[in-house]
Amino acid sequence: MRVVTTGGGGWGDPLEREPELVQRDVIEGKVSSAAARTDYGVVLQPIGGDSFTVDTKATAALRENLKAQRTGTLPMIDRGDGFEKMLRGEVKPWTRTA
C-alpha cells in the first residue's frame, strides 16, 4: 500500500492553537514565523538567536481580526493548499530513489 500526502494536516481551528505551542514549532523549525502569523494568528517577537517571545496582546488582536474576516465554516481537518494541488496534479509526488 502506498499513501501520498502533503505532510501534517491540522485538526480544529488553527486560531485556537496555544500560542506557546506555535512558538515552540517556530523555534524547532517546523513552522516559519510568517506562517505562525498568517496561519495561526500568533505574533512573535525575536529576542535573539533562534528565540522568540509571544506578543500576547498583538496575538489576541490579530486572531480577532482574522476570525472577523472568515466567510464560511472551517473543515474539521485542513490538509492545506498543498493537498488540493496534489489532488489536481499540480505537484509531482516525491519518491525515494535509494
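Cut-offs applied
- Residues numbered from 1 in each chain as written.
- Predicted model: local features only at pLDDT ≥ 70, side-chain atom pairs only at ≥ 80, totals over all residues.
- Heavy atoms only, no water.
- pLDDT = per-residue confidence, 0-100.
- Helix = DSSP H or I, 4+ residues; strand = E, 2+ residues; numbered from the N terminus.
- Contact = heavy atoms within 4.5 Å.
- Polar contact = N/O pair within 3.5 Å; in protein donor to acceptor, adjacent residues only side chain to side chain.
- Expected span 1.5 Å × (residues − 1).
- Buried < 20%, exposed > 50% of the residue type's maximum accessible area, 1.4 Å probe, protein only.
- Arc of directions from axis to C-beta.
- Core = buried A, V, L, I, M, F, W, Y, C linked by side-chain atoms within 4.5 Å.
- Pairing = 2+ DSSP bridges.
- Salt bridge = Lys/Arg side-chain N within 4 Å of Asp/Glu carboxyl O.

## Side note on the confidence of the model for the protein chain
Residues shown with low pLDDT carry predicted positions that ought not to be read at fine detail.
Line of reasoning, step 1. Confidence along the protein chain averages 83 in pLDDT terms, with 79% of residues attaining 70 or more.
Line of reasoning, step 2. Within the protein chain, helix 3 (residues 56-69) carries the highest mean pLDDT (97), whereas strand 1 (residues 10-11) carries the lowest (66).

## Quick notes on the side chain of Thr-59
Line of reasoning, step 1. Inspection of the secondary structure assignment puts Thr-59 in helix 3.
Line of reasoning, step 2. Apart from the residues within four sequence positions on either side, Thr-59 is in contact with Pro-19, Gly-41, Val-42, Val-43 and Val-54.

## As for the side chain of Arg-63
Line of reasoning, step 1. Within the secondary structure layout, Arg-63 lies in helix 3.
Line of reasoning, step 2. A distance of 2.9 Å separates the side chain of Arg-63 from the backbone oxygen of Leu-15, its partner in a polar contact.
Line of reasoning, step 3. Of the polar contacts made by the side chain of Arg-63, one reaches the backbone oxygen of Tyr-40; its length is 3.0 Å.
Line of reasoning, step 4. Those residues in contact with Arg-63, other than ones at most four positions away along the chain, are Pro-14, Leu-15, Glu-16, Arg-17, Pro-19, Tyr-40, Gly-41 and Val-42.

## Side note on helix 3
Line of reasoning, step 1. Over its 14 residues, helix 3 extends 20 Å from the first C-alpha to the last, a length consistent with the 20 Å expected when each residue adds 1.5 Å.
Line of reasoning, step 2. Within the sequence span of helix 3, burial applies to Thr-59, Leu-62 and Arg-63. With its buried residues spanning 100° around the axis, helix 3 presents them on a single face. Opposite its buried face, helix 3 presents the exposed residues Lys-57, Glu-64 and Ala-68, each directed more than 90 degrees away.
Line of reasoning, step 3. In this fold, the buried residues of helix 3 make contact with helix 1 (19-27), helix 2 (33-40) and strand 3 (51-54).

## Remarks on the nonpolar core
Line of reasoning, step 1. Core analysis: the biggest nonpolar cluster contains nine residues, these being Val-22, Val-26, Val-31, Ala-35, Ala-36, Val-42, Leu-44, Phe-52 and Val-54.
Line of reasoning, step 2. Among the secondary structure elements, those contributing two or more residues to this core are helix 1, helix 2 and strand 3.

## Here we look at the pairing of strand 2 (residues 44-48)
Line of reasoning, step 1. Pairing of strand 2 with strand 3, which is carried by four bridges, proceeds in the antiparallel orientation. Bridging from a neighbouring strand, Leu-44 pairs with Val-54 of strand 3.
Line of reasoning, step 2. If you look at the hairpin formed by strand 2 and strand 3, you'll find two residues sitting between the two strands, and Gly-49 has a positive phi there, around 65°.

## So, the pattern of salt bridges
Where side chains of opposite charge bring their charged atoms close, a pairing between them can arise.
Line of reasoning, step 1. Following the criterion strictly, the structure yields five salt bridges and no others.
Line of reasoning, step 2. Of the charged contacts in the structure, one is a salt bridge between Arg-70 and Asp-13, with a shortest N-O distance of 2.7 Å. Of the two residues, Arg-70 sits in the loop between helix 3 and strand 4 (77-78) while Asp-13 sits in the loop between strand 1 and helix 1, which places them 57 residues apart along the sequence.
Line of reasoning, step 3. Here Glu-16 makes a salt bridge to Lys-67, at a shortest N to O gap of 2.4 Å. With Glu-16 in the loop between strand 1 and helix 1 and Lys-67 in helix 3, the pair connects residues that are 51 residues apart, well separated along the chain.

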